[in-house]
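# Reading the structure
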Amino acid sequence: EEPGTTEEPGTTEEPGTTEEPGTTEGPGTTEEPGTTEEPGTTEEPGTTEEPGTTEGPGTTEEPGTTEEPGTTEEPGTTEEPGTTEEPGVTEEPGTTEEPGTTEGPGTTEEPGTTEEPGTTEEPGTTEEPGATEEPGVTEEPGTTEEPSEPGDPLPGEWEEDEDGNEYWYEDGEIQGTEGRGKEIYDPVTDAWYWLDAVDGGRKAVNKDVYLESAGGSLSENVNGTGKWVRYDENGQMVKGWDTTEAGTWYFDQIYGTMAKGYVEIEGALYYFDRITGIGTGEPCQWEEAYGWVNTEKGDRFWYEDGVHQGTEGRGKEIYDPISDAWYWLDAVDNGKIAVNKDVYQDSFAGDWAENEDGTGKWVRYDENGRMVKGWHTTEKGTYYFDEIFGTMAKGTVTIEGKEYRFDAITGTLVGKRERQAETGRTQN
């Protein structure tokens, strides 16, 4: 995202609150009770104006409420009772651009439209926002085995029709005609190509395509998947710098992932539009960095005014308007995004707060580092998290008019009771 305006931090919670003994077990790590943490200041959820962004189910922050950074523990480690750590100060990044503004050679799908792995688009056309196409067959770059010996048969071969269009055949069958298409690797040219199902499997040229396959350090998801890639005039996946009359782009040298936001390349910091990926090709100052920064080592950190966040105290909770989600930066991991982890926070928690003053809650961050809201099931059981504050439900609570019982310590679902309005009876 481009550095924008910054909201003022919210109110500060009084220190001295204590975690509840024996609290939750989740898919991530769990802090031990007895720790006292001083909440820092944080921005108020739901107060960022985000042009063009859409809040999805469970991601709405209630206006006027204060989310404070919570506390975190390194997976497998335990805080000693009585230790006090100060969370950082959370600020929301500024405004964002609307998706659907991508420019580049050929046609470009609109960012924000999610496509299944192996899917394809018709050359020369632009998909409408929100359109979903059926998944096809996808191969990730680097996953195709090359012939081990010069005499080994190739996995496939190109055939050209009378109009000069090229198609890829394997065992005599044309490929890329199902779903949205297929990405293939040709060991002869040592390049990746996209076969467009909307065009009968024809090789795509001058086209940007979104894939859910592995994207390396520049991937859109924390779990290393999701990327925009480009195929040039010869249909080969672009890697490295690419300049056209529309601007300058950079694509990962291995996965072909389009760079967006702040990216470290050969020791220098570059900025690319967070939606279109267009950059100037000129390095910028580290002091300008605001938002996610992808380093050459493959790490992703959050910067504010050039300062690496989440390295002090126990960490810092931040809100990213691009993904419309809250994240936890773990100080025990040098400010990296916490994933699959439960964290106790002394911030405002709504009706399910553990303290009488309305503060204190356990929250969970999923495999992509985003705060979980609503129902969440793992191998350990089923949980429910407040749709606004992310507070883990414990004990007996009412959800959409029905009573549910959750373990008072772990938060796992124990049972459900439905009250019959006509008779007043309770059904277990």
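In every chain, residue numbers begin from 1 and rise along the written sequence. Owing to the predicted nature of the model, reporting of local features is limited to residues with pLDDT of at least 70; listing and counting of side-chain atom pairs is limited to 80 or more, with chain, interface and lining totals taken over all residues. Hydrogen atoms and water are omitted, and side-chain values are computed over all heavy atoms in the structure.

### Side note on the overall build of the protein chain
Quick reminder of the rule: Here a helix means four or more residues in a row that DSSP labels H or I, a strand means two or more in a row labelled E, and each is numbered from the N terminus. For the area figures, the Shrake-Rupley method with a 1.4 Å probe applies, and any residue is considered shielded solely by the protein chains shown.
The helix and strand tally for the protein chain stands at zero helices and 27 strands. By element, 43% of the accessible surface of the protein chain is carried by carbon and sulfur atoms, the whole surface being about 19,400 Å².

### Details of unusual backbone geometry
For clarity, the threshold we go by: In this scheme, a residue with accessible area under 20% of its type's maximum is buried, one over 50% is exposed, and one in between is partly exposed, where area comes from a 1.4 Å probe on protein chains only.
Backbone geometry places Glu266, a non-glycine residue, at a positive phi of 50°. Structurally, the position occupied by Glu266 is in the loop between β12 (261-265) and β13 (268-272). Note on Glu266: relative accessible area 74%, which makes it exposed. Positive phi, normally seen in glycine, also occurs at Asp305, with a value near 55°.

### Let's talk about the environment of Glu387
Here is the rule: Nitrogen and oxygen atoms within 3.5 Å of one another constitute a polar contact, given that in protein one can donate a hydrogen and the other can accept it, and given that sequence-neighbouring residues count only through two side-chain atoms.
Looking at the secondary structure, you find Glu387 in the loop between β23 (381-385) and β24 (395-399). With 13 residues separating them along the chain, Glu387 and Gly374 place their C-alpha atoms 5.4 Å apart. Only 3.4 Å separates the side chain of Glu387 from the side chain of Tyr384, close enough to count as a polar contact.

### Considerations on the sheet that holds strand β14 (residues 291-294)
Our working definition: Strands are treated as partners if at least two bridges between them are detected by DSSP.
The strand order β13-β12-β14-β15-β16 describes an open sheet built from five strands, whose pairing is mixed. Sheet topology places β13 and β16 (307-308) at the edges, where each strand pairs with a single neighbour. Sheet topology note: the strand β15 (residues 300-304)/β16 ladder contains two bridges and is antiparallel. Looking at the pairing, Tyr303 lines up with His308 of β16.

### Focus on the sheet that holds strand β19 (residues 336-337)
The strand order across the open sheet built from three strands is β17-β18-β19, with neighbouring strands paired in antiparallel fashion. If you trace the sheet from one side to the other, it starts and ends with β17 (315-320) and β19, each paired once.

### Thoughts on the nonpolar core
For clarity, the cut-off: The criterion is simple. A nonpolar core is a set of buried Ala, Val, Leu, Ile, Met, Phe, Trp, Tyr and Cys residues joined through side-chain atoms within 4.5 Å.
Counting nine residues, the largest nonpolar core is built from Tyr185, Trp192, Trp194, Ala204, Val209, Leu211, Val229, Tyr231 and Met237. If you list the elements that add at least two residues to this core, you get β6 (191-196), β8 (207-214) and β9 (225-231).

### What to know about the pairing of β15
A regular strand places its side chains so that they alternate between the two faces of the sheet. Counting buried positions along β15 yields five of five residues, so the element is predominantly enclosed. Side-chain alternation along β15 places Arg300, Trp302 and Glu304 on one buried face and Phe301 and Tyr303 on a second face that is also buried. Where β14 meets β15, four bridges bridge the pair, whose relative direction is antiparallel. Looking across to β15, one finds that Asn294 is bridged to Arg300.

### What about the pattern of salt bridges?
The condition that has to hold: Should a side-chain nitrogen of Lys or Arg be within 4 Å of a carboxyl oxygen of Asp or Glu, the pair is scored as a salt bridge.
Under the defined criterion, the tally for this structure stands at twelve salt bridges. Between Arg202 and Asp199 there is a salt bridge, and its shortest N-O distance comes to 2.3 Å. Judged by its relative accessible area of 23%, Arg202 falls in the partly exposed class. Measuring nitrogen to oxygen at the nearest pair gives 2.9 Å for the salt bridge that ties Asp330 to Lys341.

### Let's talk about the confidence of the model for the protein chain
The following threshold applies: The predictor attaches a confidence to each residue, called pLDDT, with possible values from 0 through 100. For this analysis, residues touch if any pair of their heavy atoms sits within 4.5 Å.
Per-residue confidence for the protein chain gives a mean pLDDT of 72; residues scoring 70 or more make up 61%. Note that pLDDT drops below 50 for residues 1-153; the model gives that stretch 485 contacts with residues more than four away or on any other chain. The low-confidence segment residues 420-428, where pLDDT is below 50, has twelve contacts with residues more than four positions distant or belonging to other chains.

### Observations regarding the pairing of strand β10 (residues 240-244)
Sheet topology places β10 next to strand β11 (residues 247-251); five bridges connect them, and they run antiparallel. Of the residues in β11, the one forming a bridge with Trp241 is Tyr250. In sequence, β10 turns back onto β11 through a hairpin of two residues.

### A few points about the packing of aromatic side chains
Here is the rule: Pairs were defined over the aromatic rings of Phe, Tyr and Trp, the Trp ring being its six-membered one, requiring ring centres within 6.5 Å. Orientation was assigned from the angle between planes: stacked under 30 degrees, edge-to-face over 60, tilted for the rest.
Throughout the structure, instances matching the rule amount to 21 aromatic pairs. Judged by centre distance (5.2 Å) and plane angle (65°), the ring pair of Trp241 and Tyr270 falls under edge-to-face. Taken together, the residues Trp241 in strand β10 and Tyr270 in strand β13 connect sequence positions 29 residues apart. Relative to Phe389, the ring of Phe348 has its centre 5.2 Å away and its plane inclined at 80°; by these criteria the two rings are edge-to-face. Linking Phe348 in strand β20 (residues 341-348) with Phe389 in the loop between β23 and β24, this pair joins segments that are 41 residues apart in sequence. The class for Phe348 is partly exposed, based on a relative accessible area of 30%.

### Brief notes about the environment of Tyr404
Assignment of secondary structure puts Tyr404 in strand β25 (residues 402-406). Overall, the relative accessible area of 11% leaves Tyr404 in the buried class. If we skip the residues at most four places from it in the chain, Tyr404 touches Trp375, Gly395, Thr396, Val397, Ile399, Leu413, Gly415 and Lys416.

### Comments concerning the side chain of Lys227
Our working definition: Here the positive residues are Lys and Arg and the negative ones are Asp and Glu; neither His nor the chain ends is included.
In this fold, Lys227 is placed in strand β9. Of the buried charged residues, Lys227 lacks a salt bridge, with Glu183 as the closest side chain of opposite charge at 5.3 Å. Polar side-chain contacts of Lys227 include one of 2.9 Å to the backbone oxygen of Ala214.

### Here we look at the environment of Tyr270
Taking the relative accessible area as the measure of exposure, Tyr270 reaches 13% and is therefore buried. C-alpha separation for the pair Tyr270 and Pro283, spaced 13 residues apart in sequence, amounts to 4.8 Å.

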